[in-house]
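Next come the chains, spelled out residue by residue.
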Amino acid sequence: MTRPPDTAANPHARRPSGLGSADDARTGSTPAALARGIVDNLTYVQGWFPSFATRNDWYMALAHTVRDRLLHRWVDTVMTYAARDVKVVAYLSAEFLTGPHLGNSLLNLGIEDAVRAAVTELGLDLDELLEQEEEPGLGNGGLGRLAACYLDSLATLEIPAIGYGIRYEFGIFDQEIRDGGQVEVTDKWLRYGNPWEIARPEHCCTVKFGGRTERYRDERGQERVRWIPERVARGVPYDTPVPGYRVGTCNTLRLWRAEACESFDLQAFNVGDYYHAVEAKIISETLTKVLYPNDEPEIGKRLRLAQQYFFVACSLRDMLRLLEVQGALLEDLPQKFAVQLNDTHPSIGVAELMRLLVDDRNLEWEPAWEITRRTFGYTNHTLLPEALETWPASLLGSLLPRHLEIILEINRRFLDDVRRRLPGDEARVARLSLISEDGERRVRMSHLATVGSHAINGVSALHTELLQQSVLRDFAELWPERFSNKTNGVTPRRFLALANPGLRDLLSEHLGDGWLTALDQLRGLEPLAEDGAFRARWRAVKRQNKARLAKYVAAHAGVQLDPDWLFDVQVKRIHEYKRQHLNVLHVVALYRRLKENPALDVPPRAFLFGGKAAPGYAMAKLIIRLVNAVAEVVNGDPDVNRHMKVAFIPNFCVKNAHLVYPGADLSEQISTAGKEASGTGNMKFAMNGALTIGTLDGANVEIREAVGAENFFLFGLTADQVRDTKARGYRPRDLYEADPALRGAIDAIGSGLFSHGDRALFEPLVAALLERDDYLVLADFQAYLRCQDEVSRAYADRERWARTSILNVARVGTFSSDRAIREYCDEIWHVSPVRVTLDRA
């Protein structure tokens, strides 16, 4: 039997003694019951025995044992929902970046200590088993992580909910750093199986693609349309239980995998056409093969659109199936499901639900449209034009011919209404149209989502304001009552309690553990900020977290760090608007100052970067090269490496974020004002006691208001000033010429100092800054340097820094995802909690 090559067998593992009954092994929470469950699952699920089991075998056995407890809650949850007239939140997202399941499940079930005792009795180490878990790479960053936080909060708040997405065979790539550059490696997260999911082939859905439409008359003489597809695929659901924190509720994340309706053509095989025999299987399963295929070539665009339609079509059919199981009418759909579109990726659902109602269920257009509009809500996550998806009408029409017809009809009716309300304003009509006529005809998916939803929200106060002033301004003026703000939040269970056990214990010792579900209770910390003994314990916890992070950085980046230094951290997706290169310019400027004056009185600082660049985003990948190039020079220079070091943490993900957020002293949130919709990393850092240096962008504005302006390092242009600067004719080269520090930093990069004399390597980056500087890096440079000097002065006073850190944590309660979900429930979804009582029989 082939074993995973990750670890050796453990011949010293022991069988447990004094175990309980078989029932206890499935649902019990004592160490004895859990130990019996682990061994039983190793034997009867893994088909293995202790003396030859590898670490992966034991991890799988433990995971199945914990899943048993989850399924107990999941069954009771489903039975409770079935017995009551509940409204369910259906959260549609192309990404769910859940993070590892095991640790989160132990925390939410309240069995962490018991499991640790059980595995210790078996001669195992729980931390090693936690490390063994493969992280599902089912998201690209903040969007997918937000969706996972919201599922956690929905379950914790006992809200009936189901998350719908895609079961990508290969997730977001694993990032390796070779010769200073990013190399994308396939994320094989399913290579050893996934113990947390359950396949549900009995609920599969058939999905059509391509082909043509034809008109016909039904038995009543009404004209109808049928879609005759070129090919079909089958969607198979895989369910993952999502437990709430210390409640009976266990909701569902349902992910769809594509497969061929007929995976093997025996007739083709028999005549020797072996490729054709499996061709349908290969083509169909490509749909869910990889997260976000490269959509630069036409085939990539087609695949991405097909992915989006595939999971939305499966999900909506699943909801209609559940509606029929309940014996409800189609008209009841908005009372039974609140369907939230997480950004534009699932917005094709508006056209698909209309197709299902009009073509498949024979409803007339008007009632079908009323059902559709009342069912959907739309969350916009971006103001960046390139992120507001549009699809060529020709592409959409060839892949989804009926949907293009429906979208055109939605648009015709909508624009007729606009003309009635605003006669003669054809410019506004063109701006509101679902179809862009500028050059190639394109379908504006954000417009489709907006027209087809009863509620539209932004994700921070500033973002929502700018959304209504810019990309969706005409819609906001047309339907102001549909627009609202729902500032993002993050779950304190994973990103504080699980990631930062030292701080969790300190908080619970002084506040009790109610803060885990009522984060505003952290306000009770404020008086303790003046307690010197408490500040000393706070610093001790932070230093322990920094030592953990330093150990990880040494192992994965090869850079030795001193936990007593200031840890200055910027981890997020690499993008020019997030301005990692502004951070690097400060690093280079400080390096030059220290070279000129090695006795410069500044606190020693470790600059830590992390994040992935999109494979086709050349400038973002060049920024990664620059970070590593600067790190090589700085870390190798004995004149300065006693004062500063630089490291790039490869493959930033949820798993290593558990180390990064608690280990940071300073959180870099330095995007160009008006570009970041919200951000959630800023919240995770603040929740773990890091101080923020940032612009008035996204949720930074609200974080600063919450923690106090005196506890936030603010710099940079505002969104209005950014707009005015560009309107006046921004000339970045003038700033370069006038500022010696800026000129010296840019010239050092361009001179080849950080590229072994290769002046050409970073020339595209230098040229972009000097000739265009689209994100006003140079305009904010001097303000950023002055603010960083203020940071250094503040960190030199450790008592002041600790006091400010405590106040940051005390005042971030509003940034819990529980608060955000309550707002969605009350103001958009109109759903109520449903208490699930566990059946102990």
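A. Region of interest: the pattern of salt bridges. The full count for this structure, using the stated rule, is 67 salt bridges. Residue Arg428 is joined to Asp474 by a salt bridge in which the shortest nitrogen-to-oxygen separation is 3.8 Å. In this pair, Arg428 sits in helix H16 (residues 426–432) while Asp474 sits in helix H19 (residues 473–478), placing the two residues 46 residues apart along the sequence. Asp474 shares its class with Arg428; the two are buried.

B. Spotlight on the layout of surface pockets. The space that makes up the second largest pocket amounts to roughly 610 Å³. If you go around the second largest pocket, you meet 27 residues; those closest to its centre are Val78, Tyr81, Ala82, Leu322 and Gln326. Listed by contribution, the elements that provide at least two residues to the lining of the second largest pocket are helix H3 (55–83), strand S2 (161–166), strand S10 (250–260) and helix H10 (298–325). Looking at the lining of the second largest pocket element by element, the count peaks at 5 residues for H3. The residue makeup of the lining of the second largest pocket, split by class, is 13 nonpolar, 5 polar and 9 charged.

C. Region of the structure containing helix H2 (residues 31–44). Here H2 spans 20 Å end to end across 14 residues, near enough to the 20 Å set by a 1.5 Å rise per residue. Residues of H2 that are buried: Ala33, Leu34, Ala35, Gly37, Ile38, Val39, Asn41 and Leu42.

D. Main features of the sheet that holds strand S23 (residues 713–714). What the 6 strands build is an open sheet, ordered S20-S19-S18-S21-S22-S23; its pairing is parallel. Looking at which strands have only one partner, the edges of the open sheet turn out to be strand S20 (644–649) and S23. Here helix H24 (residues 618–635) sits on the sheet in contact with strand S19 (605–610) and S20, set at roughly 145° to S20.

E. Structural detail: empty space enclosed by the protein. On inspection of all chains with the given rule, the structure shows 11 cavities of 30 Å³ or more. Secondary structure elements with two or more residues in the lining of the largest cavity: helix H4 (102–109), helix H7 (142–156) and strand S9 (231–243). Class assignment for the residues of the lining of the largest cavity results in 8 nonpolar, 6 polar and 3 charged. Its boundaries defined by the atoms lining it, the second largest cavity holds a volume of some 120 Å³. Lining the second largest cavity are 14 residues; nearest its centre among them are Tyr59, Glu134, Trp189, Gly193 and Pro195. Looking at the lining of the second largest cavity residue by residue, the class counts come to 7 nonpolar, 5 polar and 2 charged.

F. Examining unusual backbone geometry more closely. Its identity as a non-glycine residue notwithstanding, Asp343 has a phi of 75°, on the positive side. By the secondary structure assignment, Asp343 is in the loop between strand S11 (337–342) and helix H12 (349–360). Judged by its relative accessible area of 7%, Asp343 falls in the buried class. Residue Leu776 is not a glycine yet carries a positive backbone phi of 55°. Looking at the element boundaries, Leu776 is found in the loop between helix H31 (763–771) and helix H32 (777–796).

G. Geometry of the packing of aromatic side chains. A full pass over the atoms with the stated rule returns 18 aromatic pairs. Consider the rings of Tyr795 and Trp801, whose centres lie 5.1 Å apart with planes at 85°: the pair is edge-to-face. The pair Tyr795 / Trp801 is uniform in exposure class, with both members buried. Three or more aromatic residues joined by ring pairs form one cluster here, namely Tyr91, Tyr150, Tyr824 and Trp829. Directly above the aromatic system of Phe173 lies the positively charged group of Lys612, at a separation of 5.3 Å from the ring centroid. Against the face of Phe495 rests Lys684, its NZ or CZ located 4.5 Å from the ring centre.

H. Here's a closer look at helix H30 (residues 740–750). Those residues of H30 lying buried are Leu742, Gly744, Ala745, Ile746, Ala748 and Ile749. Measuring from the side-chain oxygen of the N-cap residue of H30 to the backbone nitrogen of Ala741 gives 3.0 Å; that N-cap residue is Asp739.

I. Quick peek at the pairing of strand S4 (residues 181–185). As judged from the 5 bridges shared by strand S3 (residues 174–178) and S4, these two strands associate in the antiparallel manner. Each bridged residue has a counterpart across the sheet, and for Asp174 the counterpart in S4 is Val185. The turn linking S3 back onto S4 is made up of 2 residues, and Asp179 within it adopts a positive phi angle of 50°.

J. Representation of the nonpolar core within the structure. Residues Phe209, Phe414 and Trp829 are the most contacted members of the largest nonpolar core, which totals 186 residues. When residues of this core are assigned to their parent elements, the largest contribution, 13 residues, is made by H10. If we skip the residues at most four places from it in the chain, Phe414 touches Leu432, Leu434, Val451, Phe475, Leu478 and Trp479. Counting residues in hydrophobic clusters, the runner-up holds 57 residues, among them Cys149, Val490, Leu506 and Leu528.

K. Here's a closer look at the environment of Val350. Structurally, Val350 is set in helix H12. Separated by 25 residues in sequence, Val350 and Thr375 have C-alpha atoms that sit 9.4 Å apart. Discounting residues that sit within four places of it in the chain, Val350 has contacts with Leu341, Trp369, Thr372, Phe376, Ile410, Leu448, Ala449 and Gly452.

L. Focus on the side chain of Asp239. With respect to the element layout, Asp239 can be found in strand S9. In this structure the side chain of Asp239 is engaged in a polar contact, spanning 2.7 Å, whose partner is the side chain of Arg254. In this view, Asp239 contacts Trp74, Trp196, Glu197, Ile198, Arg200, Thr252, Leu253 and Arg254; residues no more than four positions away in its chain are not counted.

M. How the structure looks around the packing of H3 against H4. Here H3 crosses H4 at 40°, and the two axes come no closer than 11 Å. In this view, H3 runs oblique relative to H4, as classed from their interaxial angle. Helix-helix and strand crossings are classified by hand; for H3 and H4 the assignment is left-handed. Between H3 and H4, the residues in contact are Tyr59, Leu62, Val66, Arg69, Leu70 and Arg73 and Leu102, Ser105, Leu106 and Leu109, respectively. Looking at the contact of H3 with H4 residue by residue, the classes come out as 7 nonpolar, 1 polar and 2 charged.

N. Geometry of the packing of helix H22 (residues 532–557) against helix H33 (residues 798–810). Direction vectors running N to C along H22 and H33 enclose 85°, while the axes themselves pass 10 Å from each other. In terms of orientation, H22 and H33 fall into the roughly perpendicular class. Here Phe534, Arg535, Trp538 and Arg539 of H22 come into contact with H33, specifically with Arg798, Glu799, Ala802, Arg803, Ser805, Ile806 and Val809. A per-class count over the contact of H22 with H33 returns 5 nonpolar, 1 polar and 5 charged.

O. Quick look at the sheet that holds strand S13 (residues 390–392). Strand order across the open sheet formed by 3 strands is S13-S15-S14, with antiparallel pairing between neighbours. The open sheet has two edge strands with one neighbour each: S13 and strand S14 (435–436). Where S13 and strand S15 (residues 442–444) come together, 3 bridges link them in antiparallel fashion. Its bridge partner being in S15, Trp391 is matched across the sheet by Val443.

P. Examining the confidence of the model for the protein more closely. Put simply, the protein has an average pLDDT of 93, and 94% of its residues get 70 or more. A low-confidence stretch, residues 15–22 stays under pLDDT 50, and its non-local contacts, those more than four residues away or across chains, total 14 contacts.

Reading the values: the criteria
Residues numbered from 1 in each chain as written. Predicted model: local features only at pLDDT ≥ 70, side-chain atom pairs only at ≥ 80, totals over all residues. Heavy atoms only, no water. Salt bridge = Lys/Arg side-chain N within 4 Å of Asp/Glu carboxyl O. Helix = DSSP H or I, 4+ residues; strand = E, 2+ residues; numbered from the N terminus. Buried < 20%, exposed > 50% of the residue type's maximum accessible area, 1.4 Å probe, protein only. 1 Å grid on protein atoms, 1.4 Å probe; cavity = no way out; pocket = protein on both sides within 12 Å on 5 of 7 lines; lining within 4 Å. Points joined across faces, edges and corners; volume = space filled by probe spheres on them. Nonpolar A, V, L, I, M, F, W, Y, C, P; charged D, E, K, R; others polar. Expected span 1.5 Å × (residues − 1). Pairing = 2+ DSSP bridges. Contact = heavy atoms within 4.5 Å. Axes fitted to C-alpha atoms, helices over the stretch in contact; angles between N-to-C directions. Phe/Tyr/Trp six-rings, centres within 6.5 Å; stacked < 30°, edge-to-face > 60°. Lys NZ or Arg CZ within 6 Å of the ring centre and 35° of its normal. Polar contact = N/O pair within 3.5 Å; in protein donor to acceptor, adjacent residues only side chain to side chain. Core = buried A, V, L, I, M, F, W, Y, C linked by side-chain atoms within 4.5 Å. Parallel < 35°, antiparallel > 145°, perpendicular 65-115°, else oblique. Left-handed = near helix turned anticlockwise from the far one by under 90°. pLDDT = per-residue confidence, 0-100.

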